[in-house]
Amino acid sequence: MKVVVFGAGGFIGTKVVDMLTREGEEVVAASRRSGVDVLTGAGLAKALAGADAVVDATNAPSFDPDELREFFIRGTTNMVTAAKQAGVKHFVELSIVGTDGLPDSPYLSAKAAQEKVITGSGLPYTIVRATQFHEFAGTIVDSLTDGEDVRVPDALIQPIAGDEVAAFLAEVAVEAPRNHVVNIGGPEKLSFADLARAVVARRHGEQSVAVDANARYFGARLRQDSLVTEPGAMLGSIEF
């Protein structure tokens, strides 16, 4: 089976390429480094020639709200258009749990728009929404740090290991399209406060961690369960 992985040079894309290659699939690792630019469309037709499936693990290079929407909407439109022309039978998209419930987050709002491009494209698809990666915990804590204090929302988070996300994407890519959203998450739901304290302790830091009703997660005001899976989701086994 020939699988094209977009964003192949990124954190998850690299892992997906390695896993599919080890399974004996024919893999095209598509990234700017290989001459493929999803935003301009350069190299898409060549990369997709003869492909059976696509895994999109691309990520926007900027957090500017306008640039986020341009990247995820225009880039994804270019990918699905080229994939349809190439006769691709399965488009797999990596997305985020909670994407459609936090419109005040520029990033998640742009990801929700991206999902609509895929579902409305006519291509057979599977959208895999994952909770936040273990490896992203430090960045999350940094975003919530104000001087010597870490001020966190009163909400839950459900970290999942990047390896488990990549393994699930690789598995889904070689299966029949599901034509709906699949949610995956880590095996445990933690409070933001507990996650922050664990990160601070690992760094041997001295910051205090406090729950703050006004704390926002990358621009979004969270409910208790905004970023965690509901019953029926696929769960990983590697604890945070």
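Scroll up for the structure.
Residues numbered from 1 in each chain as written. Predicted model: local features only at pLDDT ≥ 70, side-chain atom pairs only at ≥ 80, totals over all residues. Heavy atoms only, no water.

### Regarding the packing of aromatic side chains
Right, so step 1: Counted under the stated rule, the structure contains seven aromatic pairs.
Right, so step 2: Each ring, one from Phe-71 and one from Phe-72, has its centre 5.3 Å from the other, and the planes form 80°; the classification is edge-to-face.
Right, so step 3: For Phe-72, a relative accessible area of 0% corresponds to the buried category.
Right, so step 4: Between Phe-192 and Tyr-217, the aromatic rings sit 5.7 Å apart at their centres with planes inclined by 75°, giving edge-to-face as the arrangement. With a gap of 25 residues between them, Phe-192 in helix α7 (residues 192–202) and Tyr-217 in the loop between β11 (208–211) and β12 (234–235) connect regions that are remote in the sequence. The exposure classification of Phe-192 matches that of Tyr-217, with both residues buried.
Right, so step 5: Among the aromatic residues, those joined into a cluster by ring pairs are Phe-63, Phe-71, Phe-72 and Tyr-107. (Phe/Tyr/Trp six-rings, centres within 6.5 Å; stacked < 30°, edge-to-face > 60°. Buried < 20%, exposed > 50% of the residue type's maximum accessible area, 1.4 Å probe, protein only. Helix = DSSP H or I, 4+ residues; strand = E, 2+ residues; numbered from the N terminus.)

### Topic: the side chain of Glu-164
Right, so step 1: With respect to the helices, strands and loops of the structure, Glu-164 is situated in helix α6 (residues 162–173).
Right, so step 2: With no salt bridge to any partner, buried Glu-164 finds its closest opposite charge in Lys-15, at an N-O distance of 11 Å.
Right, so step 3: A polar side-chain atom of Glu-164 sits 3.4 Å from the main-chain amide nitrogen of Ile-238.
Right, so step 4: When sequence neighbours within four positions are dropped, the list of residues in contact with Glu-164 reads Gly-236, Ser-237 and Ile-238. (Lys, Arg positive; Asp, Glu negative; His and termini not counted. Salt bridge = Lys/Arg side-chain N within 4 Å of Asp/Glu carboxyl O. Polar contact = N/O pair within 3.5 Å; in protein donor to acceptor, adjacent residues only side chain to side chain. Contact = heavy atoms within 4.5 Å.)

### A few points about the environment of Ala-83
Right, so step 1: Tracing the chain through its elements places Ala-83 in helix α3 (residues 65–86).
Right, so step 2: Residue Ala-83 is classed as buried on the basis of its relative accessible area, which comes to 0%.
Right, so step 3: Along the primary structure Ala-83 and Ala-47 are separated by 36 residues, whereas in three dimensions their C-alpha atoms are 9.7 Å apart.

### Describing the nonpolar core
Right, so step 1: Membership of the largest hydrophobic core comes to 51 residues, with the highest contact counts inside it found for Phe-6, Leu-48, Phe-91, Val-150, Val-152, Phe-192 and Leu-222.
Right, so step 2: The element best represented in this core is α3, accounting for seven residues.
Right, so step 3: Membership of the second largest hydrophobic core comes to 25 residues, among which are Met-19, Leu-94, Val-165 and Leu-169. (Core = buried A, V, L, I, M, F, W, Y, C linked by side-chain atoms within 4.5 Å.)

### Re unusual backbone geometry
Right, so step 1: For His-204, which is not glycine, the phi torsion reads 60° and is therefore positive.
Right, so step 2: With respect to the helices and strands, His-204 occurs in the loop between α7 and β11.

### Here's the deal with the pairing of strand β1 (residues 2–6)
Right, so step 1: Among the five residues in β1, five count as buried, and that is most of the element.
Right, so step 2: Neither face of β1 is open: one carries Lys-2, Val-4 and Phe-6, the other Val-3 and Val-5, and all of them are buried.
Right, so step 3: By the bridge criterion, five bridges tie β1 to strand β2 (residues 26–30) in an arrangement that is parallel. Note on β2: the bridge partner recorded for Val-3 is Val-27.
Right, so step 4: The parallel pair β1 and β2 is bridged by helix α1 (residues 11–22), and the resulting crossover is right-handed.
Right, so step 5: In this sheet, strand β3 (residues 53–56) lies alongside β1 in parallel orientation, the contact comprising four bridges. If you follow Val-3 over to β3, its bridge partner there is Ala-53. (Pairing = 2+ DSSP bridges. Right-handed = clockwise from strand over helix to strand, strands pointing away.)

### Describing the sheet that holds β11
Remark on secondary structure: sheet strands pair via backbone hydrogen bonds, oriented parallel or antiparallel.
Right, so step 1: Pairing is mixed across the open sheet formed by three strands, whose spatial order is β6-β7-β11. Edge positions in the sheet fall to β6 (145–146) and β11, since each has one partner strand and no second.
Right, so step 2: As paired strands, strand β7 (residues 149–152) and β11 are joined by four bridges and run parallel to one another. Directly across from Val-150, in β11, lies its bridge partner Val-209.

### Topic: the sheet that holds β3
Right, so step 1: Judged by pairing direction, the sheet is parallel, and its seven strands sit side by side in the order β2-β1-β3-β4-β5-β9-β12 without closing on themselves. Pairing within the sheet leaves two strands with one partner each, and these edge strands are β2 and β12.
Right, so step 2: Relative to strand β4 (residues 90–96), β3 is paired through four bridges, and the arrangement is parallel. In the sheet register, Ala-53 faces β4, and the bridge partner there is His-90.
Right, so step 3: Packed on one face of the sheet, α1 meets β1, β2, β3 and β4 and runs near 165° to β1. (Axes fitted to C-alpha atoms, helices over the stretch in contact; angles between N-to-C directions.)

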